[in-house]
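Take a look at the letters that make up each chain.
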Amino acid sequence: MIGKLDPEERVMKDVINDYWSISKDKSFAWKSDGIMDLVQSSIETLGWESSDNISVEIGGTQVYEINGAGTKWAPTKGTKKYNKDAFIVIKNLDRNPTISSKLNNEDK
């Protein structure tokens, strides 16, 4: 069905199998020179270290804030749905300092 993406749906079923495989014990296994190697290369390019505080988050989601009947069209409050264009964000929290803005005295 077009436009439907439930969490149970296998979203990576159409991804080229050159990047991943299923091992004998049915766990997810990455192949050499696949997507995880690309992520590792990017991390090395950025100069991140193994001791850095890394956060992995999912973007492109909807969280319902209105309490519904628990149906597809009126989900219960707190239900999370993933958009078809959902994405993964990898953040290095140690290299993202929060600095408050300061008043410029020259503007007075």
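Whatever comes next refers back to the structure up there.
As the structure is a computational prediction, the values presented were derived from the model and not from experiment. (Residues numbered from 1 in each chain as written. Predicted model: local features only at pLDDT ≥ 70, side-chain atom pairs only at ≥ 80, totals over all residues. Heavy atoms only, no water.)

1. Overview of the overall build of the chain
Here comes step 1: Along its length, the chain carries 1 helix and 4 strands.
Here comes step 2: If you list the helices and strands of the chain from N to C, you get β-β-α-β-β.
Here comes step 3: A buried classification covers 8% of the 108 residues belonging to the chain.
Here comes step 4: Intrachain contacts of the chain at a sequence separation of at least 6 include 44% that bridge at least 24 residues.
Here comes step 5: For the chain, the accessible surface area stands at approximately 9,600 Å², while carbon and sulfur atoms represent 53% of it. (Helix = DSSP H or I, 4+ residues; strand = E, 2+ residues; numbered from the N terminus. Buried < 20%, exposed > 50% of the residue type's maximum accessible area, 1.4 Å probe, protein only. Contact = heavy atoms within 4.5 Å. Areas by Shrake-Rupley, 256 points an atom, 1.4 Å probe, with all protein chains shown as cover.)

2. A word on the side chain of Asp 52
Here comes step 1: Position of Asp 52 relative to the elements: it lies in the loop between helix H1 (35-46) and strand S3 (54-63).
Here comes step 2: Owing to a relative accessible area of 12%, Asp 52 belongs among the buried residues under this scheme.
Here comes step 3: Engagement of the side chain of Asp 52 in a polar contact is seen with the side chain of Asn 92, the distance being 2.9 Å. (Polar contact = N/O pair within 3.5 Å; in protein donor to acceptor, adjacent residues only side chain to side chain.)

3. Description of the pattern of salt bridges
Here comes step 1: Enumeration according to the criterion identifies 2 salt bridges in this entry.
Here comes step 2: A salt bridge links Asp 52 to Arg 95, with the shortest nitrogen-to-oxygen separation between them at 3.1 Å. Linking Asp 52 in the loop between H1 and S3 with Arg 95 in the segment after strand S4 (80-92), this pair joins segments that are 43 residues apart in sequence.
Here comes step 3: Given a relative accessible area of 42%, Arg 95 falls into the partly exposed group.
Here comes step 4: We note a salt bridge from Glu 57 to Lys 91, for which the minimum N-O separation is 3.3 Å. Within this pair, whereas Glu 57 is found in strand S3, its partner Lys 91 is found in strand S4, the two being separated by 34 residues in sequence.
Here comes step 5: Of the residues examined, Lys 91 reaches a relative accessible area of 35% and is grouped as partly exposed. (Salt bridge = Lys/Arg side-chain N within 4 Å of Asp/Glu carboxyl O.)

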